[in-house]
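Results of the structural survey
Next come the chains, spelled out residue by residue.
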2 protein chains.
Amino acid sequence: MQVDSQRFLKDLHRLRRFGAQGPGVVRPAYSEPDVAARAWLADQMRDAGLRVEVDAMGNLFGLADGPSILLGSHSDSQPTGGWLDGALGVIAALEIARAAGGGVSVVSFQDEEGRFGVTTGSAVWSGNLAQDKADGLEDHAGQSLAEARRAMADMVTGPVDPAQFTGYIEMHIEQGPYLEANNEQIGVVEHIVGIRDMVITMVGQQNHAGTMPMHLRQDAFQALSAFNTALNDRLRNVVTPSTVWTIGHVSLSPNASSIVPGQVRFSMQWRDGEGDRLVRMEKIIRDLAEEIAAERNMTLSFGPMLGLEPVQMDARLRGALEGAAEVEAPGKWRVMPSGALHDATNLSRLMPVAMLFVPSIGGISHAFEEDTAEEDLVAGLRVMARAVDQLRVG
Amino acid sequence: MQVDSQRFLKDLHRLRRFGAQGPGVVRPAYSEPDVAARAWLADQMRDAGLRVEVDAMGNLFGLADGPSILLGSHSDSQPTGGWLDGALGVIAALEIARAAGGGVSVVSFQDEEGRFGVTTGSAVWSGNLAQDKADGLEDHAGQSLAEARRAMADMVTGPVDPAQFTGYIEMHIEQGPYLEANNEQIGVVEHIVGIRDMVITMVGQQNHAGTMPMHLRQDAFQALSAFNTALNDRLRNVVTPSTVWTIGHVSLSPNASSIVPGQVRFSMQWRDGEGDRLVRMEKIIRDLAEEIAAERNMTLSFGPMLGLEPVQMDARLRGALEGAAEVEAPGKWRVMPSGALHDATNLSRLMPVAMLFVPSIGGISHAFEEDTAEEDLVAGLRVMARAVDQLRVG
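Residues numbered from 1 in each chain as written. Chains lettered and ligands numbered in written order. Predicted model: local features only at pLDDT ≥ 70, side-chain atom pairs only at ≥ 80, totals over all residues. Heavy atoms only, no water.

- Where an unreviewed UniProt entry is consulted, chain A appears under the name Allantoate amidohydrolase, with the organism given as Pseudosulfitobacter pseudonitzschiae.
- Of chain A, the UniProt comment under Subunit (unreviewed entry) reads exactly: "Homodimer." (UniProt positions renumbered as here; feature names shortened; annotations may be inferred.)

1. Remarks on the UniProt feature "domain: Peptidase M20 dimerisation" (unreviewed entry) in chain A
- When the UniProt feature table is mapped onto this chain, "domain: Peptidase M20 dimerisation" (unreviewed entry) is found at residues 194–295 of chain A.
- The distance separating the terminal C-alpha atoms of residues 194–295 of chain A is 32 Å; by composition the span is 36% helix and 30% strand. (Helix = DSSP H or I, 4+ residues; strand = E, 2+ residues; numbered from the N terminus.)

2. Looking at the nonpolar core
- Ranked by internal contacts, the top residues of the largest apolar core, which has 69 residues, are A:Phe8, A:Leu12 and A:Ile186.
- Residues in contact with A:Phe8, not counting those within four places in the same chain, are A:Leu88, A:Ile91, A:Ala92, A:Glu95, A:Leu377, A:Val378 and A:Leu381. (Core = buried A, V, L, I, M, F, W, Y, C linked by side-chain atoms within 4.5 Å. Buried < 20%, exposed > 50% of the residue type's maximum accessible area, 1.4 Å probe, protein only. Contact = heavy atoms within 4.5 Å.)

3. Considering the UniProt feature "binding site: Zn(2+) 1" (unreviewed entry) in chain A
Residue and element names in this part refer to chain A.
- What UniProt calls "binding site: Zn(2+) 1" (unreviewed entry) maps, in this numbering, to His-74, Asp-85 and His-172. A compact arrangement is adopted by the annotated residues: their sequence extent is 99 residues, whereas the largest C-alpha distance between any two is 9.8 Å.
- By the secondary structure assignment, His-74 is in strand S5 (residues 68–74).
- By relative accessible area, which is 0% here, His-74 ends up buried.

4. Here we look at the packing of helix H1 (residues 5–16) of chain A against helix H12 (residues 374–393) of chain A
Residues and elements named next belong to chain A.
- Here H1 crosses H12 at 115 degrees, and the two axes come no closer than 10 Å. With respect to H12, the axis of H1 lies roughly perpendicular. Both H1 and H12 take part in a crossing whose hand is right-handed. In this structure, H1 contributes Ser-5, Phe-8, Leu-9, Leu-12 and His-13 to the contact, and H12 contributes Glu-374, Leu-377, Val-378, Leu-381 and Arg-382.
- Counted by class, the contact of H1 with H12 contains six nonpolar, two polar and two charged residues. (Axes fitted to C-alpha atoms, helices over the stretch in contact; angles between N-to-C directions. Parallel < 35°, antiparallel > 145°, perpendicular 65-115°, else oblique. Left-handed = near helix turned anticlockwise from the far one by under 90°. Nonpolar A, V, L, I, M, F, W, Y, C, P; charged D, E, K, R; others polar.)

5. Here we look at the interface of chain A and chain B
- The partner chain B presents 48 residues to the 48 residues of chain A that form the contact.
- Roughly 3900 Å² is buried in total at the junction of chain A and chain B, and carbon and sulfur atoms are behind 52% of that figure.
- Along the contact surface separating chain A from chain B lie zero salt bridges.
- Run the count over chain A and chain B and you get 24 residue pairs in polar contact (both at pLDDT 80 or more). (Buried area = accessible area lost by both parts, 1.4 Å probe. Salt bridge = Lys/Arg side-chain N within 4 Å of Asp/Glu carboxyl O. Polar contact = N/O pair within 3.5 Å; in protein donor to acceptor, adjacent residues only side chain to side chain.)

6. What about the environment of B:Glu184?
All names here are of chain B.
- Along the chain, Glu-184 falls in the loop between helix H7 (178–181) and strand S8 (186–192).
- Between the C-alpha atom of Glu-184 and that of Met-214, which follows or precedes it by 30 residues, the distance is 53 Å.
- Look past the residues within four positions of Glu-184 in its chain and what remains in contact with it is Leu-179, Lys-332, Trp-333, Arg-334 and Pro-359.

7. Thoughts on the packing of aromatic side chains
Residues and elements named next belong to chain A.
- Going through the model one piece at a time under the given rule, you end up with 18 aromatic pairs over all chains.
- On the basis of an interplanar angle of 50 degrees and a centroid distance of 5.5 Å, the ring pair of Phe-227 and Phe-266 is categorised as tilted. Of this pair, Phe-227 sits in helix H8 (residues 220–235) while Phe-266 sits in strand S14 (residues 263–272), placing them 39 residues apart in sequence. Here the two residues Phe-227 and Phe-266 agree in accessibility, since each one is buried.
- Among the aromatic residues, ring-to-ring pairing joins Phe-61, Phe-109, Trp-125, Phe-165 and Tyr-168 into one connected group.
- Its end group placed over the ring of Trp-83, Arg-16 keeps NZ or CZ at 3.9 Å from the ring centre. (Phe/Tyr/Trp six-rings, centres within 6.5 Å; stacked < 30°, edge-to-face > 60°. Lys NZ or Arg CZ within 6 Å of the ring centre and 35° of its normal.)

8. Topic: the relation of the copies chain A and chain B
- Between chain A and chain B, which share one sequence, the superposing operator has a rotation angle of 180 degrees and an axial displacement of 0.1 Å; the RMSD is 0.0 Å. Put plainly, the chains are arranged around a two-fold axis. When each C-alpha of chain A is compared by its distance to the rotation axis, A:Ser225 comes out closest, at 2.5 Å.
- Residue by residue, 100% of the interface of chain A is reproduced at the interface of chain B, so both copies engage with the same surface. (Least-squares fit on C-alpha atoms with pLDDT ≥ 70 in both.)

Structure, rendered in structure tokens:
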């Protein structure tokens, strides 16, 4: 097939206009610009000869006749999002479906960015999340998903049967610095990392910061600080260079300069491609927190743990992407993990899935400044098109 | 002179009723219960033969004729305060003035607890803070001091001349654990510690917590954590057992579990009885923060520094308290610093000052549970009365 890179770039920039703000976009799920963008996408799908269907969640499909491979991503954005996150995968899919003239379907999942949950649209479609449970989810302003999705009620046609798809390939920006740092154009994903996330609370004793001597304090911030320093050391022997762990949220109480903090609640998140390693890390984290709390005579509690297992990419789909990358970007591609979650995680329950990445300039995403060189966008398009061609033959 | 410990305890409990909430009090400066308590105190002062005067700030004086020694503290409370903080020093002063029958004046300063500033009433009276500057201060609800002090306008008589006082003695609860832990009844204060307080901001790079590898992160929380751990080590060689330092406020940005925090603002406070040591500590803190920021390629900024110098207690007044303590509580008293600020800090500009402490059960204060054994309250009263007697003779 022959993709048209100029048409592809032009469509990417047309999608960028919906919710445009400076170089970025503000197009959260079910917002006016999001619904308008989906209506425009539906028109493009129809023009490409695809049958448009929209499920109750607002997941937008452009369907080829008969069995087909599904390509796509999402067209909703972060509250202050970049122009390529999700949009790239959707427009690349559209261009390839157009060029293929059959056998390729397109999807833009709804609420991948989690206004209401985590990859909410594909979670419901894949059966990971029940619609009635999803409907009860609320955004930060307290609006329920059930209310919000009324904005798309006119477009809904009904359920879309996953059995018609032979697999799913998602192209996405890397959202990290590896490809750019290594002067590479394509990342073929080997797995989407698993994730663990929990809130840890340590309770000591709130005191006057002038009158309570250091050796008698049960200072919650000192405890957290000791925990963090020791954790970095203890994890060294267990992790790989792509393992990550993050304390991103810290809430001290009472959080006043003249009061020894009596309590800290903090988030502890870790990600890795191997489920076993996630378990080993969990044990280190829990044991260390227990030790620190016991040493300092503090009370410790662990919140519920969010756990998503690592997802392996399908060998056949991934092989097709690797073969195509070697043709289109010889010596300028690598196999790599995805540290971020994607709709592909949910779809792996239903069908073979694979992903490819193009570089993010400066590793920046979830920000207006997010960008990728045009030649890299086009390289990604060509790799995915070539892989789809091969899979259709094979 | 012969103090009446039963009358003293009865008055303490009568004052406790103004703004009572459970075992504690809610009697912030200029609130209805605070003004009512001051009106009641004024009546007690008049009954004790004192001349009542109230300055524009609402500082309430009961004045003896001619030169006198000033005793007292404050009767406003923390937003959720204990029943003895301030109240003890005022009621003890009242009882001693009654028992002395002359030569002893009484004061209840306004807003010691800092609804608007820091020891605001005595700061203005002592000339540390201009009235028009104080009037512009606002509480957390945005009300100005100028508005708030109208609640006492009816009681104001005019300025009170500090020249009539030969010295100031303030009795207070310790608000710390030392006396109780050592089974002692009286602390004679040697100095009120100096304090330094500033906000430090470190700016790194906000990133996706899944896609940014550890070795490329500029994580603001990791920087703070490393700073804190190293600071504890570096201060060891400089501090004494009574030196304290506190990170009580921490504000991460954006403070989300899936985002590598790009910025942290935190409070750094340190206190010591020696001005030189405060300066040495400042250098260690600033140098270390610079080092940490440079190592991690982060931006560092220091906010304005609040600085109050240590205040030495007057040798003669302190000697009188020590002599009286040895008579009233032989072997059960100690010389100690005050880690908390008090009105005496401001008054040291105007006249000789001294302070004595009684134990705080569990070291607790600024909380409803604040309490002191009755026999310790009475011991404090007797020590201060004996010291005043000796100073009048001497």
